[in-house]
Structure formats: C-alpha cells, structure tokens
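Inside the fold
Given next are the chains, with one letter for each unit.
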There are 4 protein chains.
Amino acid sequence: MRRVDLNCDMGESFGAWTMGNDAEMLAIVSSANVACGFHAGDPLVMHRTIDLARQSGVGVGAHPGFLDIWGFGRRPMPAETPDSLEKMLVYQIGAAQAVARSVGHPLRHVKTHGSLGNLAAASAEHAMAVARAIRAVDPALIFVVLPNTETERAGERLGLPLAREVYADRSYDDSGNLTPRSEAGAVIEDASEAVERTLRMLEENAIVSTSGRKIPVRIDSVGLHGDSVHAVALARCLREALDRAGIAVSPLAATLAEPVS
Amino acid sequence: MRRVDLNCDMGESFGAWTMGNDAEMLAIVSSANVACGFHAGDPLVMHRTIDLARQSGVGVGAHPGFLDIWGFGRRPMPAETPDSLEKMLVYQIGAAQAVARSVGHPLRHVKTHGSLGNLAAASAEHAMAVARAIRAVDPALIFVVLPNTETERAGERLGLPLAREVYADRSYDDSGNLTPRSEAGAVIEDASEAVERTLRMLEENAIVSTSGRKIPVRIDSVGLHGDSVHAVALARCLREALDRAGIAVSPLAATLAEPVS
Amino acid sequence: MRRVDLNCDMGESFGAWTMGNDAEMLAIVSSANVACGFHAGDPLVMHRTIDLARQSGVGVGAHPGFLDIWGFGRRPMPAETPDSLEKMLVYQIGAAQAVARSVGHPLRHVKTHGSLGNLAAASAEHAMAVARAIRAVDPALIFVVLPNTETERAGERLGLPLAREVYADRSYDDSGNLTPRSEAGAVIEDASEAVERTLRMLEENAIVSTSGRKIPVRIDSVGLHGDSVHAVALARCLREALDRAGIAVSPLAATLAEPVS
Amino acid sequence: MRRVDLNCDMGESFGAWTMGNDAEMLAIVSSANVACGFHAGDPLVMHRTIDLARQSGVGVGAHPGFLDIWGFGRRPMPAETPDSLEKMLVYQIGAAQAVARSVGHPLRHVKTHGSLGNLAAASAEHAMAVARAIRAVDPALIFVVLPNTETERAGERLGLPLAREVYADRSYDDSGNLTPRSEAGAVIEDASEAVERTLRMLEENAIVSTSGRKIPVRIDSVGLHGDSVHAVALARCLREALDRAGIAVSPLAATLAEPVS
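The following paragraphs examine the structure supplied in this document. What you are looking at is a predicted structure, and each value in this text was computed from that prediction instead of being measured. (Residues numbered from 1 in each chain as written. Chains lettered and ligands numbered in written order. Predicted model: local features only at pLDDT ≥ 70, side-chain atom pairs only at ≥ 80, totals over all residues. Heavy atoms only, no water.)

The helix and strand tally for chain A stands at nine helices and 10 strands. For a compact globule of 261 residues, the expected C-alpha radius of gyration is about 18 Å, and chain A comes in at 17 Å, within 12% of that figure. Considered along the principal axes of its C-alpha atoms, chain A spans approximately 40 × 40 × 35 Å. Here chain A holds 261 residues, and 61% of them are scored as buried. Of the contacts made within chain A by residues no fewer than 6 positions apart, 73% connect residues no fewer than 24 positions apart. Each charge sign in chain A was given a centre, from 25 positive and 32 negative side chains, and these centres are 4 Å apart. (Helix = DSSP H or I, 4+ residues; strand = E, 2+ residues; numbered from the N terminus. Rg over C-alpha atoms; globule rule 2.2 N^0.38 Å. Buried < 20%, exposed > 50% of the residue type's maximum accessible area, 1.4 Å probe, protein only. Contact = heavy atoms within 4.5 Å. Lys, Arg positive; Asp, Glu negative; His and termini not counted. Charge placed at Lys NZ, Arg CZ, Asp CG, Glu CD.)

Have a look at this one:
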C-alpha cells in the first residue's frame, strides 16, 4: 500500500495570541511542524501542541526560524551567517526535543520556517549549517526538504534521513522548483485542481510542472497550510481523496520506511 | 583532600551587549551557570561561553530564568504558575543541553536565576516544578540549591543529585538562611572577611550565622559573582585562599563524588 | 439629552497575530483605547486602528501597559517603581500621540491596561506617576479612571480632566469597588442583566452594588470588551438599549462637556 | 566665527545592559542621537540620557532604527516597505519627543540608525518615508543626513531643515560617498590623520576624497563614535583641534543658523 505523509505548521500561537486551526489540522495531517519560540510559539504553546499531536497520533518535528517574533520569521535576513544560523538552530531544535520528550512524544523531524527556509534552500553554506545543526542535536531526525534545493543536497551530504515534500497548493516550473509567488498561478486557488495535481504527482513519483513536464522525485510528504478556512478545506479535500485512492496517510517515520513503489 | 566547587553566573551578554567578566572568572571558578536566552544570553553567547568553559576545564550548567529580557529576570512574577514554570524550564534546559552537546562539553548542572530562583526557594509547588523540569530533561543533572530551601527539599523528593551552595559575600541568619538584602550587613563588602567566613564554613561543614551559630550542612559549592571589578577581586582572593588551605577547587561532578570529610 | 461614552480596548494585534473584533466594536463604541506596543500593538497596528477609529467617528486614547509582550501586560509586576512607571508611560503616550497626529485624529484620552492598571488603582504613588506622565505629555488628555480608586484621586490632585467609568459586565461591592474576579458573580454572564444594571447605574448616577446599595458617582463612560463573540454581543445589546432609552453615545470629550443631569 | 556641530549616538544601553561611554562623550560633543527603544534604549535609558545631555548643554535628537533589539538594528531588512518604515519612525520619534519634553530639553533633530539608515540613504522611496515621518511629528526637527544621498534629497524635497554631516574616521571616494567598509582604508585608524582630514574638509567646505578630489558641500556636523576607548580618544583629539583652530563646537540649531563662511 502506498504511503504518504501530510505535514502542516502548527503551534504558531504566542503568549496571549492564537494563530491557526491546529485542532482541525491534527485530524487531517500525520506530521506537525512545531514553531520553536523564535518566530512564533513559546514553551507553553509548544507543550500544548505536541501533547495534542500525541493524542492525535500525529508525529512532531521542530520548525525553527529566525529570531524575529515581530516579523514572524518572514523578514529576509540576508546578513545571517552560516555560523550564526547553525547555533540558532541547535538551540531551537534542542529546546523542541526536550519539550517533546517531556510530553512523551519524541521529536521526529525538522523543517525550516519562512525566510530562514528560503535562505537555506538557495545557499549551500546556509543549508549545510542547518544540516550540521540537526546532526549535532540528533542525527536520527528526519530533515524535511524541497527536492532540488540546497537543503536537500546538504542533507544528502551529511547522510541525514531525508523526507522530500511537495506543496499541494503551489505550482512548479520545468526545473522542478516552486513557481515564485510573484508570478501568476504560483498559488493554486482551486481545491479540486490542487488535489488532482497532488494525486498525479504521487502516482507519477514526479513533480509535474505547469507545462506538464515530469521531474522524477521520491515524494514522502505533502506540505499543507492551516492558516485559513480555505486552507483547512483544501487539506480536508486532499485527505479524503487520498483515502479514496487507497494511499495511506502515515507519519514520516513510517512513510520513509516504505520502499518506493 | 577536601574538594569544593566554585560556581559563577556567565553568558549574560545579549546580542550587541556584553556583561560580566567571563574570561577572568573562567580562570577562577570550576562551574559556570550559563544563561539560557530568557533573561539573558542567546544561542551565540551560549555557544561561545560553553566553548570557553570547555577550554578552561570549567563545568557548565543551565541557568534558566523568567521570560523577561528587559527585566533581566529580576522582576518578581508572583503570578507564574508551577505548571507554566515547569514548561519554561524544560525548554531552557533542553536548549542549553543541545548547545553544550554541540560544543562537545556536556551540561552537568542546573541553577535557577534571579526572581525565579527566589520564587522556587520559597514555594514548595514552584520548587517541585523546577525539579520535575530538570528530571524531564535529564535526571543525571545536578541541581544546585541553597540549603534549607524548598528547592533543596524538592530535589531531595525527586532524588536529583544535589549540590548545596553557600555564598561567599552574603551573611546568614540563625536559621541558616541568607540575610535579606534589605537588612544591614546582608552583603559582606570586605573581601578578606568574606574569604575568612567562607573558609570557616568549609572547615566546620556548617553555615555560620552572623551571631556565630553553626548550622551543619554539606557544602559542595561556593557561589561567586563576576559582575564587577570588586566581585572578580573577591573571587580571586577566595581562590588563592582555598589553594593555600589545600582545598581543591573542582567541578561539581568531582566534588559530589567525594565523601564528606 | 443624557450622554455617555462607551469605551473598548483595541489595537491589540501584534505583528502577524490578530486579536479582538475591532471592526465590529468600532460600530458600537465611541472611544477606543489603543494599545501602545508594550503589552500589545505595534506602530502598524496602532496606525491602522486609529485610522479606522477616525473613519468611524470614534475617539482614540492611549492604552499603555507594562513592557511585557509575552505576558500581554497581565503579569503583575509588584517591583515596578513609580519613577520607572512614569517614564514608561511618557514614552507610550507620546508614541501614541504622534501616531494619532500623523493619522489626523488627535489623541483624546489615556486608560491604563491590565496589571499596570491594577497597580495604579491600588497604590497612590503609582497612580501619581501615571497622572504625572499624562500631564507631561499633554495636560488636556482625559484620564479614564474607575471611581473610588487611587487613579481617580491622583487625577484629581493633578487637575487632569477625568472620565469615570463603570463596567457593564462586572458587579460591585458595597464600597463601590469591582467585586474581585476570584469571587462568584464578579462577572455578569447574562447580557440582559448586564444591560439592565448598566442602565440603572446611569439613571441613578450611582454605582449599584450586588446588595442593592447605591454609591453616587458621575458616570462618564462604560467599559466594554471586544475579545469574544459573547462580549461583542453584550456590547451591541447595551448600545441598542441606550439608543432606545434616548441616551446618546458620544465620545469622551463631548460627554464630559455635558453637565450632570 | 566658524561653527560646527559634533554628534554622537548615545543611550544605547538596554535594560540591565550598558553600552557606550555617554558621560565622556557628553563632555565632547554638542548633539546626542538618542536610541528610541527599537534597536537599543528603553524609556528609562532615554530619560536618563536626555537629562544628562540637558545638564551638559548638549542638544538631543531621535535616533530611530529597525524593530530589532537582538540585532541592534544592524541586520539589513530589505523587505521593509516605505509605508511600514514611515509608521515605525513616527512612533519612535514621537516617543522620543515626549520623553525629551518631560525632561524639559526639547528634541531638535533626527538621525537614522544602522541598517535603516543605509536603506534610506540608498532608496528614494524609503528616504521619503523617513522625511514624511519627521514632518508628521514636527516639521521643525532637523534631519541629519549624509551629503549626496537619497536621505538628503528627500529632506530637500519636503523642505525639512537639514544638517549635513561628515564622518571623522571614514574615508570618501571621488563621488563624495563613504568608502564601503569592505574596502581597505574605509576606516581611518590613525587619530591624527582623521583629525587633519576633518579640519581640512571644514576649511575647504568640501568632502575631500582619498585621491584628493574636493566635492563642495556645506558641512554642519561631524559624526563621532563613542563605543570604544579608541573612539573616545579620537573624539577628544578632534574637539581639541577644533578649539585650537577657533572653530566653535555648537549644537545643530546654532550651527545651522550661521551663514556659510
């Protein structure tokens, strides 16, 4: 039986502020990327989110970002050095690992957030810093990466377990990269189209670009959003379509254990 | 040979701001309490501090505090609940543990900071929260406590390895508690007097109060400050006096392994 | 025609996080208390909130709080000194005044937030610090106070224009003070009961305690909340009841200009 | 008699951390650029700094920066929009103005900090946002700018009073711009050389480039640093040289009132 993981960012509340639809998404996805207090989240939110994930049978990972609460980790920080980045990530992943252990639901993966993720995807040096940080905390942690990026290459070089993800609601160019958000059609607004494209990519074991080109890639996980009613609805549609298609939604560790069909 | 640990708060710089005389104190003490980013410190400062401690053969511990950078963890937070406190500490100790591991110099102890420390020393429920947090991260971590406080009792109840400390520059009342800072003579300004008192407490295996009363207690560590020229000078005097007296200054783990003389 | 102001805290979003139902409340109230960036709000949120208030014909005031974003200004800070408090408030009120001026909708009042408000209501020295801060920025600013508190007395001593408020959803004891939240019945859950009590207080020009005792007081404003669907519904009920009763809801400046009926 | 202003960044302490040699620099300079709490400073530090400036007869200005305490406003934020920037600056300048007024020493100028300053110097849109923010708070505030930058042009377009500054310890290229720090010789390490160059620029009413080219410009102020013993020593040398040369060091307002010699 074909397996795939569905992952979603969660635990992005902070202090008195709430964000996202974590409870609803936990009924849909199999992996939760938990913010680590630098761009969102705090120890109480992290504990609560990981405990809810545990109760829902959803795997948890660290979702580290830039030290920038006000900017939610979305402000590009081009001057961030690989050396600084590595230390920032060791701290965040270590904190998340301890919280997860205290909940009794061990940390399984790491996925970078926002502008930090963009920087690492494009810069080999920063990607290596991320991979070194993961390895320093726990070399068994699964590194969730976009195919064809520096993050993927860095994970391969350091021999980290990798999970390659596609986005359900984003289109791809002929190189297999996400179409930049600045271009028309980058975000797929129509839920049924998004679901259809995602299923096709899973069947083909390939990214399918807007022009129809197929770029073979192992797809371990599908990235979803939970930040709007619209996003939750798409997630639910995709989950139902996968269930109908007989594709088992299962956490990253189980998905990675499966040989490519 | 009698052994005792000397501990000092370090790594209290933050971003562009520096604080303390870490390099000088590392030549004097045997244990460094490293701020964890909530009241002071940040991942870069933590990494640098722990690495310097490693090079100096000084043991490192986590020094968690309230989430209050502006107030440096000194603002009393009477509404902090034990439940919240426990989660705040798991996060900080976990982060420090990961940073220390990445440096190759494992975390050995935990000592609470500022107003958080005062709260835990006086409140059994908060003290238990601290002890549970330490145990959740690593039950082998040594909990540095003041004798006769709720923190000591909580550590005993959970069976954590304990290190009992006295302060070189503080006077004690007849119950064996620190004289409140609001009272005259609470802080011993004269270095030679502070050194003499400390040596006497180590010889007697007892806290010696201002009135001369002895309260028997195992003393594993002496707490020092490094935040002023004056404080560094006192630390140096004490170190020299211990060396002359044939008392070995050694990190907590080695000190605790020694049977009481 | 009798006039009364309705005020509500607003602009409590922060960075990527939203809070409250500002747009709905702006259609109901006549004065908005705008968070100043220390416990909530930021320059963008403040600008947007004040501009929306301007468009709705709603007066704006500064709503300063403790420097404590994570704790939303709700954490008691018993060690805050009057001197520090005064400077913290001058900064916040000055910032809000500048933002309001840049929007073309001048700042009219000040109301303290959360734990800072509680501290000032109970401590004469802290209340005087608040009043001095307001006077330093602009002695024409209206100071919104609870009757029978130190804040009211401080405002009177410094000759600030005062607006006395009651809460629609809180009960009062026989001294005319709010029943502490820890006691049963402190918060009036039933909207019609809350509306009825408020109307009665306005008719009687008196606080009416739970036991029925009347404590005469000039009531210039009614404090409302907008942080839940329930709270917005109560606000709407009260507004409708006031309209039916022929009591004009008008901003503080207009309300204060009216002689007591 | 020729006049010139000497300006220096001050008030860059934060909470428990101190930075800079404000007391020493206040005896040397005539204008202090006071951090506004976003990249450094806080209401207590601002009050203290402005009060010290008042006692020293030193003029004060707002020194606004990016909302980035950890990064000290030095992290480039390329995604910052002019619209956001304008609001961020209105807030900071307004806060500083209120603090200065409460001290009884009114705010006279504005000088941008760090990466915000670099962005505004290079981007016409961002420079206009800065100029609009100053005008919104108080069009009489003097805008301190580097000659030949977008900030200068924006100030001219909005008719703000401008003060043009040169740096004592920086070299210039043939376009009259600061040599980038990445190039050799950008920073003039030798104090006597820095003093000599500065005097020559003041005599010539021109920026003198490394190659000896003169770019005529009115010089109203010389920017100094106070962040190291070295920097304070240079400042003192320059001050003594100006005194010997009969050039009066006077605050910006007085300096600007003087016709170009």
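Okay, the packing of helix H3 (residues 82-103) of chain A against helix H5 (residues 124-137) of chain A next. When two helices pack together, their arrangement is given by the angle between the helix axes and the distance between those axes. All names here are of chain A. Interaxial distance between H3 and H5 falls to 8 Å at its minimum, and their mutual angle equals 35 degrees. Of the two possible hands of crossing, H3 and H5 adopt the one that is right-handed. Where H3 abuts H5, its residues Pro82, Leu85, Glu86, Leu89, Val90, Ile93, Gly94 and Gln97 lie against Glu125, His126, Ala129, Val130, Arg132, Ala133, Ile134, Ala136 and Val137. A class-by-class count of the residues in the contact of H3 with H5 yields 11 nonpolar, three polar and three charged. (Axes fitted to C-alpha atoms, helices over the stretch in contact; angles between N-to-C directions. Left-handed = near helix turned anticlockwise from the far one by under 90°. Nonpolar A, V, L, I, M, F, W, Y, C, P; charged D, E, K, R; others polar.)

So, about the packing of aromatic side chains. Here the distance between the centres and the angle between the planes together describe a pair of aromatic rings. Counted according to the given criterion, the structure contains 18 aromatic pairs over all chains. Ring centres of Phe14 of chain B and Trp17 of chain B lie 6.5 Å apart, and the angle between their planes is 10 degrees; on these two criteria the pair is classed as stacked. For Trp17 of chain B, a relative accessible area of 1% puts it in the buried group. Among the aromatic residues, those joined into a cluster by ring pairs are Phe14, Trp17 and Phe72 of chain A together with Phe14, Trp17 and Phe72 of chain C. (Phe/Tyr/Trp six-rings, centres within 6.5 Å; stacked < 30°, edge-to-face > 60°.)

Our next topic: the side chain of His63 of chain A. Residue and element names in this part refer to chain A. Locating His63 in the fold gives a position in strand E3 (residues 59-63). Among the polar contacts made by the side chain of His63, one reaches the side chain of Asp9 at a distance of 3.2 Å. Of note is the side chain of His63, whose polar atom sits 2.8 Å from the backbone oxygen of Lys111. In contact with His63, not counting residues within four places along its chain, are Asp9, Glu12, Asn33, Val34, Ala35, Cys36, His39, Lys111, Thr112 and His113. (Polar contact = N/O pair within 3.5 Å; in protein donor to acceptor, adjacent residues only side chain to side chain.)

This paragraph deals with the interface of chain B and chain A. The partner chain A presents 21 residues to the 21 residues of chain B that form the contact. A buried area of about 1,800 Å², summed over both sides, lies between chain B and chain A, and 75% of it is on carbon and sulfur atoms. Our count for the chain B to chain A interface comes out at zero salt bridges. There are four residue pairs in polar contact (both at pLDDT 80 or more) connecting chain B and chain A. Of all the secondary structure elements, the ones that give two or more residues to the side of chain B that touches chain A are helix H2 (43-56), helix H3 (82-103) and helix H5 (124-137) of chain B. Here the side of chain B that touches chain A gets 12 residues from one element, more than from any other, and that element is H3 of chain B. Taken together, the residues that form the side of chain B that touches chain A break down as 13 nonpolar, six polar and two charged. (Buried area = accessible area lost by both parts, 1.4 Å probe. Salt bridge = Lys/Arg side-chain N within 4 Å of Asp/Glu carboxyl O.)

With that settled, consider the interface of chain D and chain C. Contact with chain D, which involves 21 residues of that partner, is made by 21 residues of chain C. Buried surface at the junction of chain D and chain C, summed over both partners, amounts to about 1,800 Å²; 75% is from carbon and sulfur atoms. Taken together, chain D and chain C are joined by zero salt bridges. Between the two partners, chain D and chain C, sit four residue pairs in polar contact (both at pLDDT 80 or more). Going through the elements one at a time, helix H2 (43-56), helix H3 (82-103) and helix H5 (124-137) of chain D are the ones with two or more residues in the side of chain D that touches chain C. With 12 residues, H3 of chain D is the single largest residue contributor to the side of chain D that touches chain C.

Here we come to the environment of Ala16 of chain A. With respect to the helices and strands, the residue Ala16 of chain A is situated in the loop between strand E1 (3-10) and helix H1 (22-26). Sequence separation between Ala16 of chain A and Glu152 of chain A is 136 residues, and the spatial gap between their C-alpha atoms is 36 Å. When near neighbours in sequence (up to four residues on either side) are disregarded, Ala16 of chain A contacts Met19, Trp70, Phe72 and Arg74 of chain C.

So, on to the relation of the copies chain B and chain A. For the pair of chain copies, the relating transformation is a rotation about an axis with a translation along it. With an RMSD of 0.0 Å, chain B superimposes on chain A once it is rotated by 180 degrees and translated 0.0 Å along the axis. What we have between these two chains is a two-fold relation. By C-alpha distance to the rotation axis, the residue of chain B lying nearest is Ala95 of chain B, at 2.1 Å. (Least-squares fit on C-alpha atoms with pLDDT ≥ 70 in both.)

A few words now on empty space enclosed by the protein. Counted under the stated rule, the structure contains nine cavities of 30 Å³ or more. When its volume is computed, the largest cavity comes out at roughly 1,200 Å³. Lining the largest cavity are 48 residues, with Ile69 of chain A, Phe14 and Ile69 of chain B, Ile69 of chain C together with Ile69 of chain D positioned closest to its centre. Looking at side-chain class alone, the lining of the largest cavity contains 28 nonpolar, eight polar and 12 charged residues. (1 Å grid on protein atoms, 1.4 Å probe; cavity = no way out; pocket = protein on both sides within 12 Å on 5 of 7 lines; lining within 4 Å. Points joined across faces, edges and corners; volume = space filled by probe spheres on them.)

With that settled, the discussion passes to the pattern of salt bridges. Under the definition given, this model contains 56 salt bridges over all chains. Of the charged contacts, one joins Arg218 of chain A and Asp220 of chain A as a salt bridge, the two residues approaching to 2.4 Å between their closest N and O atoms. The exposure class of Asp220 of chain A is buried, given its relative accessible area of 1%. The closest approach of N and O atoms between Lys111 of chain B and Glu165 of chain B, which form a salt bridge, is 3.0 Å. With a gap of 54 residues between them, Lys111 of chain B in the loop between strand E4 (107-110) and helix H4 (114-122) and Glu165 of chain B in strand E6 (residues 162-167) connect regions that are remote in the sequence. It is possible to trace a salt-bridge network through shared partners that takes in Glu152, Glu156 and Arg164 of chain A.

Residues and elements named next belong to chain C. Relative to the helices and strands, Tyr172 resides in the loop between strand E6 (162-167) and helix H7 (191-204). Separated by 13 residues in the primary sequence, Tyr172 and Gly185 have C-alpha atoms spaced 9.6 Å apart. A polar contact is formed between the side chain of Tyr172 and the backbone nitrogen of Tyr167, at a distance of 3.0 Å.

Next up on the list: unusual backbone geometry. Here the phi dihedral of Asn148 of chain B falls at roughly 70 degrees; this positive angle occurs in a residue that is not glycine. Mapped onto the fold, Asn148 of chain B is located in the loop between strand E5 (142-145) and helix H6 (150-158). Positioned with a positive phi, Asn205 of chain C is a non-glycine residue whose angle comes to about 50 degrees. Position of Asn205 of chain C relative to the elements: it lies in the loop between H7 and strand E7 (206-208).

This paragraph deals with the environment of Leu141 of chain C. All names here are of chain C. Residue position: Leu141 is located in the loop between helix H5 (124-137) and strand E5 (142-145). The exposure class of Leu141 is buried, given its relative accessible area of 1%. For the pair Leu141 and Arg108, spaced 33 residues apart in sequence, the C-alpha to C-alpha distance is 5.3 Å. When neighbours within four sequence positions are excluded, Leu141 is seen to be in contact with Ile93, Leu107, Arg108, His109, Val110, Ile134 and Pro161.

For the structure shown, the criterion picks out zero disulfides over all chains. Of all cysteine sulfurs, the one in Cys8 of chain B lies closest to Cys237 of chain B, which takes part in no disulfide; the gap is 15 Å. (Disulfide = S-S within 2.5 Å.)

Residues and elements named next belong to chain B. Pairing between strand E3 (residues 59-63) and E4: three bridges, direction parallel. Within the sheet, the bridge partner assigned to Ala62 lies in E4 and is Val110. Taken together, E3, H3 and E4 form a β-α-β motif whose crossover is right-handed. Direction of pairing for E4 relative to E5: parallel, over a ladder of two bridges. Looking at E5, one finds that Val110 is bridged to Phe143. (Pairing = 2+ DSSP bridges. Right-handed = clockwise from strand over helix to strand, strands pointing away.)

We now examine helix H8 (residues 229-244) of chain B. All names here are of chain B. For H8, with 16 residues, the first-to-last C-alpha span of 23 Å sits near the 22 Å given by 1.5 Å per residue. Every buried residue of H8 is accounted for by Ala231, Val232, Leu234, Ala235, Leu238, Ala241 and Leu242. Elements that come into contact with the buried residues of H8 comprise strand E1 (3-10), helix H1 (22-26), helix H7 (191-204), strand E9 (221-224) and strand E10 (248-249). Once H8 finishes, Gly246 follows within two positions and takes phi at roughly 75 degrees, a positive value. (Expected span 1.5 Å × (residues − 1).)

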